[in-house]
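Structural overview
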Amino acid sequence: MRKKVIAGNWKMNMLPNEAIAFIEELTPLVKDTENEVILCVPYTDLFYSLLTAQGTNIKIGAQNMHFEDNGAYTGEVSAKMLKSIGVEYVIIGHSERRQYFAETDETVNKKVKKALQENLKPIVCVGETLEEREAGKTSEIITNQTEKALEGIDENQLENIIIAYEPIWAIGTGKTATSEDANNSIKEIRNKIMEIYGQNMSKRVIIQYGGSVKSTNAKELFTTSDIDGGLVGGASLKAEEFSKIVNYSD
Ligand code: PGA
């Protein structure tokens, strides 16, 4: 049985004092869950969040990283830097980074490889635009993105990777894919993994859904056959709401 992984993506929100208060409020609300709880926070909140989350079941992640170890890359942060302060997860290839910061399948792949090399667990995002969906290309787009993100990645590394299927038209729009649609797309991704790595790995890899997940739709989404939890943006900014998503089965 695959575990459910619920990750918050705060994007460019929350000052350190807000991050600390959030984690203090969230801690008792999620302490009994069997699900994995991750908060992907801005760089400036990482250290405070790690300290506040110490001794709890809340894991901390970053939202991006560079694929080089060091060098003349003004404004960038390396996997080693994240790892050095105790970060465990990192979102890679979020659609906002692909859209606004020229992230490509190639840089996503380089980042995934580097993250794994430094023992960071990547949460790799794939997803189609509305135009691609309407042109009937969803399956082609998401399986291609998955294949390219995982190029050159060993089978034994796959258990350290989370894939997040995030249809771009559902992000921050209040429009959620129906649980059936989301589940079907995730099955397509799983089939692609089966093609590359075999059935055993395809059954083990964690694949989340993301895009307007909230407490009122979490249960319907997360109790389907193939959706292993969610990557949650807007609804991860309030501790109580986020805790209800984590505890969706209560
Ligand atoms: P949303 O964002 O939940 O606000 O739609 C999800 C994401 O971008 O990861």
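Up top is the structure.
Note that this is a predicted model, so its numbers are computed, not measured.

1. Side note on the packing of aromatic side chains
- Summed over the entire model, instances satisfying the criterion amount to four aromatic pairs.
- Plain terms: the ring middles of Trp-10 and Phe-22 are 4.9 Å apart, the flat faces sit at 75° to each other, and that makes the pair edge-to-face. Separated by twelve residues along the polypeptide, Trp-10 in the loop between β1 (5–9) and α1 (16–30) and Phe-22 in helix α1 bring together distant segments of the chain. In this pair, the class of Trp-10 matches that of Phe-22, namely buried.
- Between the NZ or CZ atom of Arg-97 and the centre of the ring of Phe-101, over which it lies, the distance is 4.3 Å.

2. Some details on the packing of α1 against helix α11 (residues 239–246)
- Here α1 crosses α11 at 30°, and the two axes come no closer than 9 Å. One element, α1, and the other, α11, form an angle in the roughly parallel class. Judged by the twist between their axes, the crossing of α1 over α11 is right-handed. Contact residues: α1 offers Phe-22, Glu-25, Leu-26, Leu-29 and Val-30, while α11 offers Ala-239, Glu-240, Phe-242, Ser-243 and Val-246.
- Looking at the contact of α1 with α11 residue by residue, the classes come out as seven nonpolar, one polar and two charged.

3. Concerning the sheet that holds strand β2 (residues 36–40)
- Taking strand neighbours around the barrel as the criterion, the eight strands line up as β1-β2-β3-β4-β5-β6-β7-β8 in a closed arrangement whose pairing is parallel. This sheet shows a mean twist of 25° between the axes of neighbouring strands, independent of strand direction.
- Helix α7 (residues 138–149) contacts β5 (121–126) and β6 (162–165) of the sheet and is inclined by roughly 155° relative to β5.

About the cut-offs
- Residues numbered from 1 in each chain as written.
- Predicted model: local features only at pLDDT ≥ 70, side-chain atom pairs only at ≥ 80, totals over all residues.
- Heavy atoms only, no water.
- Phe/Tyr/Trp six-rings, centres within 6.5 Å; stacked < 30°, edge-to-face > 60°.
- Helix = DSSP H or I, 4+ residues; strand = E, 2+ residues; numbered from the N terminus.
- Buried < 20%, exposed > 50% of the residue type's maximum accessible area, 1.4 Å probe, protein only.
- Lys NZ or Arg CZ within 6 Å of the ring centre and 35° of its normal.
- Axes fitted to C-alpha atoms, helices over the stretch in contact; angles between N-to-C directions.
- Parallel < 35°, antiparallel > 145°, perpendicular 65-115°, else oblique.
- Left-handed = near helix turned anticlockwise from the far one by under 90°.
- Contact = heavy atoms within 4.5 Å.
- Nonpolar A, V, L, I, M, F, W, Y, C, P; charged D, E, K, R; others polar.
- Pairing = 2+ DSSP bridges.

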